[in-house]
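# Structure assessment
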Amino acid sequence: QKERTMKLLIVNPNTTASMTEKIRLAARAVAETSTEIIAVNPDSGPASIEGYYDEGFCVPGLLREIRKGESDGMDGFIVACFDDPGLNAARSIATGPVVGICEAAIYATSMVAGSFSIVTTLASSVPAIETLVRTYGRDHLCRRVRAANIPVLSLEQEGSNERELIEAEIALAISQDAAEAIILGCAGMADLAQHLTQRFGLPVIDGVSAAVKMVEGLVSQGLKTSKAGGYVWPPNKMYHGEFAHDQYS
């Protein structure tokens, strides 16, 4: 019997296409050969997401891409920003499971290590990530959320010293935090996990890869997003102004 193709939509909520392609390649590297990976980004919104303000502006574009994917019959969805923006809203308009990369990375890491530190880009992202760690119930395992002081878009620039700065923070997390594993706190770092795992000799987890395997597992079990409570389909009501076309019907 021919294996059915599973279709997963990965939405990079920022508008930087080069990062979307990096995310797609990281996902493709770990996905089953029968899984179809579609990676997209909105055409409106911030070029990078570096704190609460950017989060707010990225959500409308993210939700539009989720709705397109729902119409196209995607089996599952991934929100590929480490702040997990709009995650609950996305679940309200999706039939299949929707997983955020921070959520996936934190849960995966807690299964392979007794403690972890997160290395992200800028200090402005640290409070949001700390809040997510508490939300996901793993604050007792998280030693620290560290910022490498790297603008997100510098991860897309050839010749930048971002890898050295990330490695320096990982070394500090191991020596100062006694972290047993490291989580990379930005989707733009997705291509570094394998190299850094070998370099430091402990698990370095990329949320994109973790999310792909989790969504594959959920879909293969036939699990869908519950519509019994908070994730019920949105009511049909009027939206006005620039969001008039976003009303649910």
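This text goes with the structure placed above it.
A quick note: this is a predicted structure, and the numbers were derived from the prediction, not measured.

Conventions used here
- Residues numbered from 1 in each chain as written.
- Predicted model: local features only at pLDDT ≥ 70, side-chain atom pairs only at ≥ 80, totals over all residues.
- Heavy atoms only, no water.
- Pairing = 2+ DSSP bridges.
- Helix = DSSP H or I, 4+ residues; strand = E, 2+ residues; numbered from the N terminus.
- Axes fitted to C-alpha atoms, helices over the stretch in contact; angles between N-to-C directions.
- 1 Å grid on protein atoms, 1.4 Å probe; cavity = no way out; pocket = protein on both sides within 12 Å on 5 of 7 lines; lining within 4 Å.
- Points joined across faces, edges and corners; volume = space filled by probe spheres on them.
- Nonpolar A, V, L, I, M, F, W, Y, C, P; charged D, E, K, R; others polar.

### Considerations on the sheet that holds strand β1 (residues 6-11)
Pairing is parallel in the open sheet, where four strands are placed in the order β2-β1-β3-β4. Edge positions in the open sheet fall to β2 (35-40) and β4 (98-100), since each of these has one partner strand only. Strand-to-strand twist of the sheet, defined as the mean angle between neighbouring strand axes without regard to direction, takes the value 20 degrees. For β1 and strand β3 (residues 76-79), the ladder comprises four bridges, and the chain directions are parallel.

### Observations regarding empty space enclosed by the protein
Per the counting criterion, the structure on display carries one cavity of 30 Å³ or more. The computed volume of the largest cavity comes to approximately 130 Å³. Lining the largest cavity are 15 residues, and of these Ile 49, Cys 81, Phe 82, Val 152 and Cys 186 sit closest to its centre. Of the residues belonging to the lining of the largest cavity, the class tally is eight nonpolar, six polar and one charged.

### Things to note about the sheet that holds strand β8 (residues 204-206)
One open sheet holds the four strands; their spatial order is β6-β5-β7-β8, and the pairing between them is parallel. A single partner strand is all that each edge strand has here, and the edge strands are β6 (142-147) and β8. Put simply, the sheet's adjacent strands are angled 25 degrees from each other on average, direction ignored. Pairing analysis gives three bridges linking strand β5 (residues 116-120) to strand β7 (residues 182-184), with the strands arranged parallel. By the bridge assignment, Val 119 is partnered in β7 with Leu 184.

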